[in-house]
Amino acid sequence: MVQLDPVATIDLTDFQARKPEITKELMAAASDIGFFRVKGHGMSLDDINAAHAMSLKFLDLPDEVKGSLPMNKENFAYILGWSDENLTAGRLREGMMIGYDNDRMKNLWPTKDMVPDYKQHMISFMHKCHAVTEQIMSCFALGLDLQEGFFREAMDPHASDCQTAMYCNRYPSVEGKHFPEGALRIGAHTDFELLTLLFTRPGEVGLEVCAGKGTTAKEAMKTGLWQPCDPVAGAITINIGDALQYWSDDRLKSTFHRVRVPKEHEYKGDRHSMAYFGNARGSTLLQGPNKKYPPITFPEILAEKRRQMDEVNFREDMTDEEKLDINSNHALGPNFQTVDMTHSGRPEYEPIALNESGEPVITPMAKGKLAPEMEHLKLQSSIAAAAH
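Structural notes on the overall build of the protein
When helices and strands are tallied, the protein shows 7 helices and 12 strands. Classification of the 388 residues of the protein by burial places 57% in the buried group. Relative to all contacts within the protein whose residues are 6 or more apart in sequence, the contacts with residues 24 or more apart total 79%. Total accessible area on the protein is roughly 16,800 Å²; 51% of this is exposed by carbon and sulfur atoms.

Next up, the structure:
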């Protein structure tokens, strides 16, 4: 029996002329499964393949060279730089997280001696990703009964507090390696930004989607709910993140997904992906049209990441067994609570203070402001797992 693909493919061809139709299709996919593919998006296969090749030029460098641009895991902002995840049997994955050319990428770009033209090429590709993101977000704005350009300024890639980033991942070949049964390269999680554009090469499988609408973290652990989401040549796989579910008052769905180690009969060579995380600026207050949840900024959402990691005792020195336990037995997804109303019937929140670079200063949330007991968002750790 042939299994139907639950992930819809939406054609963006003749975008302006077909915008009402496209908006309807995008809203249906985003409010049901939260994952979809788009074709006719205007990005050429040559551009996508060239970005893959440029990304791999950096990832092919020796670890000691890549390690000179390490992720700052103490940073509350989007964590940029190179990192890797390993088990005794071998490396699970490595990746380079890059942003646009603002202060957050200072001293993190590969030099010309490492990879000539890397910075220029990857920023150009990211701007092409932004153009597709802007089209899709304009449809979501219309579908949510907002102004068509509602999200435009909040997602400006030129802003000094732009939080958009792209993660260039490599999952090394598992040929001849023996990982424990059921091992996951990335555990069950939802993304935590607004919108993810995923580029993966055809044949390099492993991404799975938990397609049940309204699925809880506990339900995401049930094997039967997972369905493959294999790459399609030329198409972009897109999913909703926690921040957009929050900003849409739950109308758009952030969906659990994971990446597993290949099965015996599957391709076992290198798997490479690029995930473009379209995001709100750091100073943007996120609150849906119906004000179901209190206002929050994206850096405050990310500040929850550390707390979520602490809950599962995530550490750099974990054993293989501890890593596999977190990956296999914990899922990290949205778990919002509604507005904490004051006696006036209006939500209160702390004003957002900005530093000299225009970025929000993250301070502990005070009781009665953004209530600290709220679990606004369950966020992915660096191996995308946490307690539930």
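Details of the pattern of salt bridges
Two side chains carrying opposite charge are able to pair once their charged atoms lie near each other. For the structure on display, the rule yields 16 salt bridges. A salt bridge links E94 to K66; its shortest N-O distance comes to 2.8 Å. Of this pair, E94 sits in strand β4 (residues 90-99) while K66 sits in helix α3 (residues 63-66), and the two are 28 residues apart along the sequence. For the residue pair E94 and K66, the accessibility class agrees, reading buried in each case. Two residues, R260 and E208, come together in a salt bridge whose shortest N-O distance is 2.8 Å.

Focus on the nonpolar core
F36, Y118 and F140 are the most contacted members of the largest nonpolar core, which has 84 residues in total. If you tally residues by element for this core, the top one is helix α4 (residues 118-143), at 12 residues. Not counting chain neighbours up to four residues away, the residues in contact with F36 comprise V7, A8, I10, L26, A29, A30, I136, F140, I236, T237, I238 and I240. Counting 5 residues, the second-largest nonpolar core is a separate cluster that includes L92, V174, F179 and A183.

A closer look at helix α1 (residues 19-32)
Here α1 contains 14 residues, and its C-alpha end-to-end distance of 20 Å stays within 8% of the 20 Å for a straight helix at 1.5 Å per residue. Within the sequence span of α1, burial applies to K19, I22, T23, L26, M27, A29 and A30. In this fold, the buried residues of α1 make contact with β1 (8-11), β2 (35-39), α4 and β10 (236-240). A positive phi of about 85° marks G34, the residue just after α1.

Description of unusual backbone geometry
The residue D249 is not glycine, and still its phi comes out positive at about 55°. Relative to the assigned elements, D249 resides in the loop between α5 (242-247) and β11 (257-260). The buried category is assigned to D249, whose relative accessible area is 8%. Positive phi is not limited to glycine here, since D250 has a value of about 75°. For D250, a relative accessible area of 27% corresponds to the partly exposed category.

Observations concerning the pairing of β2
Consecutive side chains of a regular strand alternate in pointing toward one face of the sheet and then the other. Of all 5 residues making up β2, 4 are buried, and the element is well covered by its neighbours. Of the pairings in the sheet, the one linking β1 to β2 comprises 4 bridges and is parallel in character. Considered in β2, the bridge of D11 is made with K39. Each parallel crossover has a hand, and for β1 linked through α1 to β2 it is right-handed. Strand direction decides the pairing type here: β2 and β10, joined by 4 bridges, are antiparallel. Across the sheet, residue F35 finds its bridge partner in β10, namely N239.

Thoughts on helix α2 (residues 45-59)
Under the 1.5 Å per step criterion, the end-to-end length of α2 is 21 Å for 15 residues, consistent within 8% with the ideal 21 Å. Burial in α2 covers these residues: I48, A51, H52, M54, S55, L56, F58 and L59.

Describing the confidence of the model for the protein
On average, the protein scores 80 in pLDDT, and the residues at 70 or more come to 71%. Across the protein, the element-wise mean pLDDT spans from 65 in helix α7 (residues 320-329) up to 98 in α4. Across residues 341-354, confidence stays below pLDDT 50; counting only partners more than four residues off in sequence or on other chains, it has 29 contacts. The model gives residues 357-388 a pLDDT under 50, and that stretch makes 135 contacts with residues more than four places away or in other chains.

Description of the side chain of E204
Tracing the backbone shows E204 in the loop between β7 (195-200) and β8 (207-210). A relative accessible area of 6% places E204 in the buried class. Side chain to side chain, E204 and R201 meet in a polar contact 2.8 Å long. Excluding residues that lie within four positions of it along the chain, E204 makes contacts with P231, Y267, D270, R271 and H272.

Rules of the game
Residues numbered from 1 in each chain as written. Predicted model: local features only at pLDDT ≥ 70, side-chain atom pairs only at ≥ 80, totals over all residues. Heavy atoms only, no water. Helix = DSSP H or I, 4+ residues; strand = E, 2+ residues; numbered from the N terminus. Buried < 20%, exposed > 50% of the residue type's maximum accessible area, 1.4 Å probe, protein only. Contact = heavy atoms within 4.5 Å. Areas by Shrake-Rupley, 256 points an atom, 1.4 Å probe, with all protein chains shown as cover. Salt bridge = Lys/Arg side-chain N within 4 Å of Asp/Glu carboxyl O. Core = buried A, V, L, I, M, F, W, Y, C linked by side-chain atoms within 4.5 Å. Expected span 1.5 Å × (residues − 1). Pairing = 2+ DSSP bridges. Right-handed = clockwise from strand over helix to strand, strands pointing away. pLDDT = per-residue confidence, 0-100. Polar contact = N/O pair within 3.5 Å; in protein donor to acceptor, adjacent residues only side chain to side chain.

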